[in-house]
Amino acid sequence: MKYKINDIVLVKSRRSPAMEPVHVKLIKKVVVKRGKGSQEDWPGYTGWHAILTKKKEVEILRKRWCIPYSYPDDIETFIYEEEIIKKL
C-alpha cells in the first residue's frame, strides 16, 4: 500500500509486541537503500517520521511503558513502514 504525507495510520510496535497499537500522522518518508559495509551488509528500510495523534495513547505510553512523551509538545516518533497495520 502506498502511504503519503498527512495520512493517519494505526501502528503496532515490532519491538514491543505487548504494546497496544497507536494512531500516528505521517510527516516525512525516509528511504534508506541497502548498503555494503567492509565487514557486513546493511539492509535497507522504509520508514516515516510521524506524530502521535491521540492524547490518551500518549498518556498510556508514558505511564505504562515509561516512554517520555508529553502531549502536545513532544510527540514525534519514527516508525518503520512494516509496523503500519492499516490506513484510517
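A brief look at the structure comes next. The structure presented is a predicted model; accordingly, all values stated were derived computationally and were not measured.

Here we look at the packing of aromatic side chains
Consideration 1: Taken as a whole and judged by the stated rule, the model has three aromatic pairs.
Consideration 2: Arranged with centres 5.4 Å apart and planes meeting at 90°, the rings of Phe78 and Tyr80 form a pair that is edge-to-face.
Consideration 3: Accessibility expressed as a relative area gives 24% for Phe78, which makes it partly exposed.
Consideration 4: Through a chain of ring-to-ring contacts, three or more aromatic side chains come together here, namely Tyr45, Phe78 and Tyr80.
Consideration 5: Positioned over the ring face of Tyr80 is Arg14, at 4.0 Å from the centre of the ring.

Considering helix 1 (residues 55-65)
Consideration 1: Every buried residue belonging to helix 1 is among Glu57, Val58 and Leu61, and all of these are buried. Taken down its axis, helix 1 places every buried residue within 105° of arc, on the same side. Opposite the buried face of helix 1, by more than 90 degrees, sit the exposed residues Lys56, Lys63 and Arg64.
Consideration 2: Residues of helix 1 that are buried sit in contact with strand 2 (22-32) and strand 5 (45-52).
Consideration 3: Cys66 sits one or two residues past helix 1 and shows a positive phi near 60°.

Thresholds, definitions, all that
- Position labels on residues start from 1 in each chain and follow its written sequence.
- Restriction of local features to residues with pLDDT of at least 70 applies here, the model being predicted, together with a cutoff of 80 or more for giving and counting side-chain atom pairs; totals for whole chains, interfaces and linings are based on all residues.
- As a rule here, side-chain values cover all heavy atoms of the structure and leave hydrogens and water aside.
- Stacked, edge-to-face and tilted labels apply to pairs of Phe, Tyr and Trp rings (six-membered ring for Trp) whose centres lie within 6.5 Å, assigned for plane angles under 30 degrees, over 60, and everything in between, in that order.
- When accessible area is computed with a 1.4 Å probe and restricted to protein chains, residues below 20% of their type maximum are described as buried, those above 50% as exposed, and intermediate ones as partly exposed.
- Our definition puts a charge over a ring when NZ of Lys or CZ of Arg is within 6 Å of the ring centre and also within 35 degrees of the ring normal.
- For helices the rule is a DSSP run of H or I covering at least 4 residues; for strands it is a run of E covering at least 2, with both sets numbered from the N terminus onward.
- What the arc measures is the spread of directions leading from the helix axis to the C-beta atoms.
- By definition, residues are in contact when any of their heavy atoms lie within 4.5 Å.

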